[in-house]
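Fold and geometry: a report
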Amino acid sequence: QLRFYRFHHKLILRPFHMLTTREDEKIEAPPEPSGQQRLYEFNFGNQSGVFIAGLNPHWIFCERSYLRIFPMTSEHFIDCFASFNNTEFCPDGFIYTIDKQVNICRLSPNIVYEHNWALRKIPLKQGPKHYTAHHICYHPPTRSFVIAVSYRELSTDAEMNRPEQSGGLPRFQDKHELFLLDLSNGVKVVNHFPL
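Residues numbered from 1 in each chain as written. Predicted model: local features only at pLDDT ≥ 70, side-chain atom pairs only at ≥ 80, totals over all residues. Heavy atoms only, no water.

1. Regarding the environment of P57
Relative to the assigned elements, P57 resides in the loop between β2 (47-53) and β3 (58-63). Taking the C-alpha atoms as reference points, P57 and F77, 20 residues apart in sequence, are found 8.3 Å from one another. With residues up to four places along the chain from it excluded, the contact list for P57 reads F51, I52, P71, M72, S74 and I78. (Helix = DSSP H or I, 4+ residues; strand = E, 2+ residues; numbered from the N terminus. Contact = heavy atoms within 4.5 Å.)

2. Regarding a nonpolar patch on the surface
A contiguous nonpolar surface patch, about 310 Å² in accessible area, is contributed by F89, V102 and I104. Mapped onto the elements, V102 comes out in strand β7 (residues 101-106). Its relative accessible area of 55% is what places V102 among the exposed residues. (Patch = residues over 30% accessible without salt bridge, like charges linked within 9 Å, V, L, I, M, F, W, Y side chains within 5 Å. Areas by Shrake-Rupley, 256 points an atom, 1.4 Å probe, with all protein chains shown as cover. Salt bridge = Lys/Arg side-chain N within 4 Å of Asp/Glu carboxyl O. Buried < 20%, exposed > 50% of the residue type's maximum accessible area, 1.4 Å probe, protein only.)

3. Brief notes about the pairing of strand β11 (residues 188-194)
Both strand β10 (residues 172-182) and β11 contribute to a ladder of six bridges, which runs antiparallel. Directly across from E177, in β11, lies its bridge partner P194. Here β10 folds back onto β11 in antiparallel fashion, the turn holding five residues, of which G186 has a positive phi close to 80°. (Pairing = 2+ DSSP bridges.)

4. Observations concerning unusual backbone geometry
Unlike most non-glycine residues, D92 shows phi in positive territory, near 50°. Looking at the element boundaries, D92 is found in strand β6 (residues 90-98). You can call D92 partly exposed: its relative accessible area is 34%. Positive phi outside glycine occurs at D99, with the angle close to 50°. Note on placement: D99 falls in the loop between β6 and β7. The class of D99 is exposed, set by a relative accessible area of 55%.

5. Things to note about the packing of aromatic side chains
Overall, the coordinates contain 20 aromatic pairs when judged by the stated rule. Members of the aromatic cluster, each reached through a chain of ring pairs, are Y40, F42, F44, F51, W59, F61, F70, F81, F94, Y96 and Y113. (Phe/Tyr/Trp six-rings, centres within 6.5 Å; stacked < 30°, edge-to-face > 60°.)

Pasting the structure below:
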């Protein structure tokens, strides 16, 4: 049995049209696409949901009884969509067409789509140190991240470690470092700089 109900979301699924009030600033509306938006069900790997094809394509994931909606950036009208599973070439992938051109893709298996934002965990542990990330900055031309992290280390200050001062408990100090992460060939720590 299939039931439909209205789901309130904050996404605009129609193309934007610029409106102006002055005569000299009139902008012609883009031509309407020949097709219309279509819904395609997908189920690959542990991810299932609905794909909305058209001028503003969207992924709708149906996991854990919640709907998660993610836009797909595309400059052209997506005509068709289908699941594609080839164990050697593209496991748990999909095919979509744009202007008679076929694109074969797949969603990254290490990204979690169960939240409002797509998440990917990156381990920062190096050796015995457990790092906590505080700030992150992305540099688009080099596809790299700079992350400010800290870790706890036993204090080497003899005055702080006296039993009268510490109450017999070990004292820790926060140490800070900068990590440089490269995304060009996977995610790896290229360099780190102690502060």
